[in-house]
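Here is how the chains run, residue by residue.
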Amino acid sequence: MKRLHRLILPSLFALGLGSCTRKTPETPATDDALTEIVTNPLDHRDYAWFRLDNGMQAVVVSNPDVDIAAASVDVHVGQFNDPPDREGLAHFLEHMLFMGTASYPDVDGFNNYIESHGGGRNAGTGYEHTNYFFRIDHPYLEPALDRFAEFFHAPLLDPEFVDRERNAVQSEYSLKIKDEFRRYREVLRATTNPAHPFSQFSVGNLETLADRDGEPVYAALEEFYAREYSASRMTVAVLGREDVETLKAWVTEKFSAVPTDGAPVDMDRPPRFTADQLGVRIDIVPLAQRQNLELKFPVPASWKHYDTKPTSYISNLLGHEGEGSLFSYLRGEGWVESLAAGSESYDDMAMMTIDMELTADGFDHIDDITDACFQYIRLIDDEGVSADRYDEERRIGALNFQFREALSPARTVQSLSSAAQYHPPRDLLSANYLHRSYDEDLIRMFLSAMRPDNMRMIVVAPGLETDQVEPLYSVPYAMRPLDPARVSRWESSPLNPALRLPVENRYIAEKVDLKPVPADASPLPQKLQDDAALEIWHHHDTAFSVPRAQIRLELSTQKPRTDHRSRILNQMAAVLIQDSLQEFGYPLRLAGLGYGVDNRSRGMVITVSGYDEKLPMLFDEIVGRVQDFTIDEQRFALQKERMLREWRNQSRDRPISQSRRAFFEIISPIYFSRMGEGADILEALTVADLQAFLDGYFDEVDARLLVHGNLTADEAQGLGAMLDARILDGAAPTDRGTVRVRKVPAGETLTRTVDIDHNDSTIVMYYQGESMDIEEHARWQLIGQMVGAPFFNQLRTEQQLGYTVWSFFSPVDRVPGMTFAIQSPVAGPTVLQERIEIFLAEFGGTFDQMSDDEFDVYRQGLIAELTKREERLFQRSQKYADALFYDDATFDWNERLAAIVGEIERADLNAFYQRMVQGAGSRRIIVKSIGGAHEAEEAATASSGCQDTACVTAKLPERFERSL
């Protein structure tokens, strides 16, 4: 299972938890030894760190080969800075900064400029930071940067838009009113020291942002911006094709105007928890059927120990999943489905956490599970703190940094702007990998805090006895002191002999050389074998200079193709096989090797990836385990229970997510309702059913093997020979099946209403293309490029219909189309449909109004997006796998699309739009839900439509079909 055993630096979206205090983060040193950024041998980009006269730190990255440029500003100001009487003000300010600046006053100007040039922008307000970023086609970086910089020294903060963005914040609050994470978080706040800013409501709503007598929120907003948004608390990172000196000059020119008070961040806070908030059990009742146990321990701030990583060392041992581990023992008892151990670090403290998903039986053994956790903590303290173990982590970290591949431009600048708030420049790239020194005393100091009297035990489950209700999200909860008898047991129980520390990891790569590529090698995958049962594709690719590879085997059989029951059996088989590999595979994952056995509609996909030295051996082992798999009855029961819980909990998802799933049930013959029909089928399945399904699974099989990366053609053929011997010998050939998409009749609008328990209403409006031709695909995709920003601006920003307003190009397999979707707290689906249709009619007129040059901006933006190069080896592996799925042996779909887009004329696209969207022959599916707030108005105006999927699909007899 996934684990959290990592050091998490303060980030936009992490939970802020803790109890210790600290003053100002130390300003990174600036002597020459510290300001030269350490890179790895693969990173050929040029970096420079510098500080502007106003105190703002800056990092620029020059990459002459980049297609997409990007920039990010991190402001060391977040929700913790909200005035106590203006909760959500930092979040509100983040919204308002996008509403125009002195030189660029158009409220939608920044968004339109970015999206028309193939880019995107966003921001997020966290507890201690607010991060703003954008990405854009590289020639437009400098003008985009000019617009962006004015956010921080010349925003309009126009009072005209206060009500609009206040409503947007309210919509975001309403959107997630039933979100389980939000509900959980608000209980954590309610059980925190009220003197600490974590106790405050962070999102904001109409009440916290209301105008009061003599106290308009606009005045508070201006004051907050002037007080908190100081250059001394900001970092900026910019990546582009230009050389370092040019980028430095741009940053200096554009950001030197940001005002400063010269003060760093002040984090002199009271303790996060009072004495009576530790040594407690907190019970929380969720909406969904889920059972979790978390053990949380406040510890001192750990961010300053980034280069020794004591909390990561502890979490690695607690979160281990190999034989003898805490997870292995608890899983073997049938008590937990997952265990994650980790550290979350903030300016003033950190929190060590053990998070477990419980089984039904596990819920009855919470005390025993907690006892085992404390036994394992004592085991680590007694036997697990050693220089040899630390050195193993150091070797893995050094190897991973040596072969660290570049992140996307947007992620690169976000990472740099965030890291520069905490680390000296030299370590901005390497901080997460460093293990400079083994410090036994430091490790033991953090371990010593993991004791019952310093614990917050959090139990999340339906039916718990509670005595309080959190008011903002209506969450029942209770907080009570831990029972002394239980505490005494946890402090002194003898060690269970089943618990053992992990052995030395023997899978750390040692041979990391790149194998020579033949001079006549193809730059694309080549087919090495194509017979009745096996197709082998291979590309020996060292272009990224990493000793890594991916081996991907697609197994197509007849077994899962019959009906939904067979598809669910296939999914259960894949889940159980993957589950059976857990203890075996965990040390491999730590050493940089990954594997997966995944369900597909026509069979399974087996994937192994990572450092290539041991990949063939790992692939052989996984295939053998798949072939010899035996059903474990206990694991079958537990995984079935987990899947049923997850599927039925989908009824608690956001309304827009449920509406989207209902759409796919309509459009795809193989898609089914997990929370309805699927759950009923799954509940009835037995071990005997699954065994009968697996008997003869490989009697008829078609296999396709893709080998990509630092593996030779001979090695690829050797893998094929292994498959012939293990699985394919004696198997009858079969076809790969057919992909089918239901075809909407020309001129038809088919409507389904989904019953969802929520105050918000939703609409998903889908326009389907009439063919699978690449030319039509290109036209729909260009429409998607053009319509996204104005749709968002009109229906979300201007009309304030809701926080979630989407429009996107949405192909279903190779059938192109467009989707428009809204979740709204203020309007029912009838109004939403009217507004979308008005927008689409008005948008149709823009083709005549825009110039050819303006049209070409959209064309070039899409072409840039289609032709951008892969940044990592496994991105290219995925591109190849996708191409083979679509039977594209030339691997150039995007390039061909880009060429067609470049030839589309404005008048041609206008005629296409008028016919396919506005014309009488348009093909539409509408899925809607009526929120509780709009039932009365919809009762009088709602038109008739289908109430279930079968009603709609009965009207869709024709299908698009494509053989695999």
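That block above? That's the structure.
Along each chain, the written sequence defines residue order, and numbers are assigned to residues from 1. It should be noted that, the model being predicted, local features are given only for residues of pLDDT at least 70 and side-chain atom pairs only at 80 or more, the latter also being counted only at that level, while totals for whole chains, interfaces and linings use all residues. Hydrogen atoms and water are omitted, and side-chain values are computed over all heavy atoms in the structure.

### Description of the overall build of the protein
When helices and strands are tallied, the protein shows 33 helices and 27 strands. Throughout, the radius of gyration refers to the C-alpha atoms, and the reference size of a globule is 2.2 Å times the residue count to the power 0.38. Its C-alpha atoms give the protein a radius of gyration of 29 Å, near enough to 30 Å, the size a compact globule of 964 residues would have. Taken along its principal axes, the extent of the C-alpha atoms in the protein is 75 × 70 × 65 Å. Burial status follows relative accessibility: with a 1.4 Å probe on protein chains alone, a residue under 20% of its type maximum counts as buried, one over 50% as exposed, and anything between as partly exposed. Counting across all 964 residues of the protein, residues that qualify as buried make up 60%. Surface accessibility in these figures is a Shrake-Rupley result with a 1.4 Å probe; residues are shielded only by whichever protein chains are displayed. Summed over all atoms, the accessible surface of the protein reaches about 36200 Å², with 47% contributed by carbon and sulfur. Positive charges come from Lys and Arg alone, negative charges from Asp and Glu alone, with His and the N- and C-terminal ends not counted. Here the site of a charge means atom NZ of a Lys, CZ of an Arg, CG of an Asp or CD of a Glu. Of the charged side chains in the protein, 99 are positive and 152 negative; the average position of the first set lies 2 Å away from that of the second. The secondary structure listing takes helices from DSSP runs of H or I that are at least 4 residues long and strands from runs of E that are at least 2 residues long, numbered from the N terminus.

### Remarks on unusual backbone geometry
Glycine aside, negative phi is the norm for most residues, and most peptide bonds take the trans geometry. The backbone of S474 shows a phi angle near 55°, a positive value even though the residue is not glycine. Residue S545 is not a glycine yet carries a positive backbone phi of 60°. Tracing the sequence through the fold places S545 in the loop between β16 (534–540) and β17 (548–557).

### Thoughts on the packing of helix α5 (residues 162–175) against helix α25 (residues 774–798)
In the contact formed by α5 and α25, the axes pass within 10 Å of each other and the chain directions differ by 90°. Here α5 lies roughly perpendicular to α25, going by the angle between them. In this structure, α5 contributes R164, E165 and A168 to the contact, and α25 contributes R796, T797 and E798. Counted by class, the contact of α5 with α25 contains one nonpolar, one polar and four charged residues. Whenever a helix is involved, its axis is fitted only over the stretch in contact; in every case the axis is a line through C-alpha atoms, and angles between N-to-C directions fall within 0 to 180 degrees. Orientation labels follow simple angle bins: below 35 degrees gives roughly parallel, above 145 gives roughly antiparallel, 65 to 115 gives roughly perpendicular, and whatever is left gives oblique. Here, residues are in contact when the closest pair of their heavy atoms is within 4.5 Å. Residues are grouped as follows: Ala, Val, Leu, Ile, Met, Phe, Trp, Tyr, Cys and Pro are nonpolar; Asp, Glu, Lys and Arg are charged; every other residue, Gly included, is polar.

### Notes on the pattern of salt bridges
In the sections that follow, a salt bridge refers to a side-chain nitrogen of Lys or Arg positioned within 4 Å of a carboxyl oxygen of Asp or Glu. For the structure shown, the criterion picks out 78 salt bridges. A salt bridge links D261 to R233, with the nearest nitrogen and oxygen atoms 3.2 Å apart. Within this pair, whereas D261 is found in the loop between α8 (244–255) and β8 (280–284), its partner R233 is found in the loop between α7 (217–228) and β7 (234–240), the two being separated by 28 residues in sequence. The exposure class assigned to D261 is partly exposed, which follows from its relative accessible area of 47%. By relative accessible area, which is 6% here, R233 ends up buried. For R489, the salt bridge identified is with D371, shortest N-O distance 3.3 Å. With a gap of 118 residues between them, R489 in helix α16 (residues 484–492) and D371 in helix α12 (residues 366–384) connect regions that are remote in the sequence. According to the relative accessible area criterion, R489 is partly exposed, its value standing at 34%. Because the salt bridges share partners, they merge into one network encompassing E535, R552, E554, R602, D702, R704 and R736.

### Some words on the side chain of E405
Mapped onto the elements of the fold, E405 is located in the loop between α13 (387–402) and α14 (409–419). Take E405: its relative accessible area is 8%, and that puts it in the buried class. N or O atoms within 3.5 Å of each other form a polar contact, as long as, within protein, one can give a hydrogen and the other can take it, and as long as residues adjacent in sequence are counted only when both atoms are side-chain atoms. A polar contact of 2.7 Å, which involves the side chain of E405, links it to the backbone nitrogen of L873. What E405 contacts, discounting residues up to four positions off in sequence, is F544, V546, R548, E871, R872 and L873.

### Things to note about the sheet that holds strand β18 (residues 593–600)
Read across the sheet, six strands follow the order β15-β16-β20-β17-β19-β18 without closing on themselves; strand pairing throughout is mixed. Here the strands that pair on one side only, and so sit at the sheet edges, are β15 (526–530) and β18. The mean angle between the axes of side-by-side strands here comes to 10°, regardless of whether they run parallel or antiparallel. By this definition, two strands are paired if DSSP reports at least two bridges between them. Bridge count for β16 against strand β20 (residues 701–709) is seven bridges, and the pairing is parallel. Bridge pairing in β20 places L534 opposite A703. Contacting β18 and β19 (603–611), helix α17 (residues 564–580) runs over the sheet at an angle of about 165° to β18. Packed onto the sheet, helix α19 (residues 615–627) meets β17, β18, β19 and β20 and runs at close to 155° relative to β19.

### Some details on the nonpolar core
Nonpolar side chains in soluble globular proteins tend to end up buried together. Only buried residues count toward a nonpolar core. Its members are Ala, Val, Leu, Ile, Met, Phe, Trp, Tyr and Cys residues joined through side-chain atoms within 4.5 Å. I551, I606, F619, I622, L690, L705 and L723 are the most contacted members of the largest nonpolar core, which totals 69 residues. Per element, the largest residue contribution to this core is seven residues, and it comes from α17. In this structure, A69, L247, V251 and F255 belong to the second largest nonpolar core, which totals 56 residues.

### Section: the packing of α19 against helix α24 (residues 713–728)
For the pair α19 and α24, the least separation of the axes is 11 Å and the interaxial angle reads 15°. Between α19 and α24, the angle is such that the two are roughly parallel. In the crossing of α19 with α24, the sense of the turn from one axis to the other is right-handed. Each of P616, F619, D620, V623, G624 and Q627 in α19 lies in contact with α24, whose residues at this interface are L719, M722, L723, R726 and I727. Across the contact of α19 with α24, the residue classes tally to seven nonpolar, two polar and two charged. Each crossing gets its hand from how the near helix is turned against the far one by less than a right angle, where anticlockwise is left-handed and clockwise is right-handed.

### Things to note about the sheet that holds strand β23 (residues 761–768)
Pairing within the open sheet is mixed, and its five strands lie in the order β22-β26-β23-β25-β24. At either end of the open sheet lies a strand with only one pairing partner, and these are β22 (749–753) and β24 (804–809). Sheet twist, expressed as the mean angle between neighbouring strand axes with direction ignored, is 10°. Helix-sheet contacts for helix α26 (residues 829–844) involve β23, β25 (817–824) and β26 (923–929), and the interaxial angle to β23 is about 40°.

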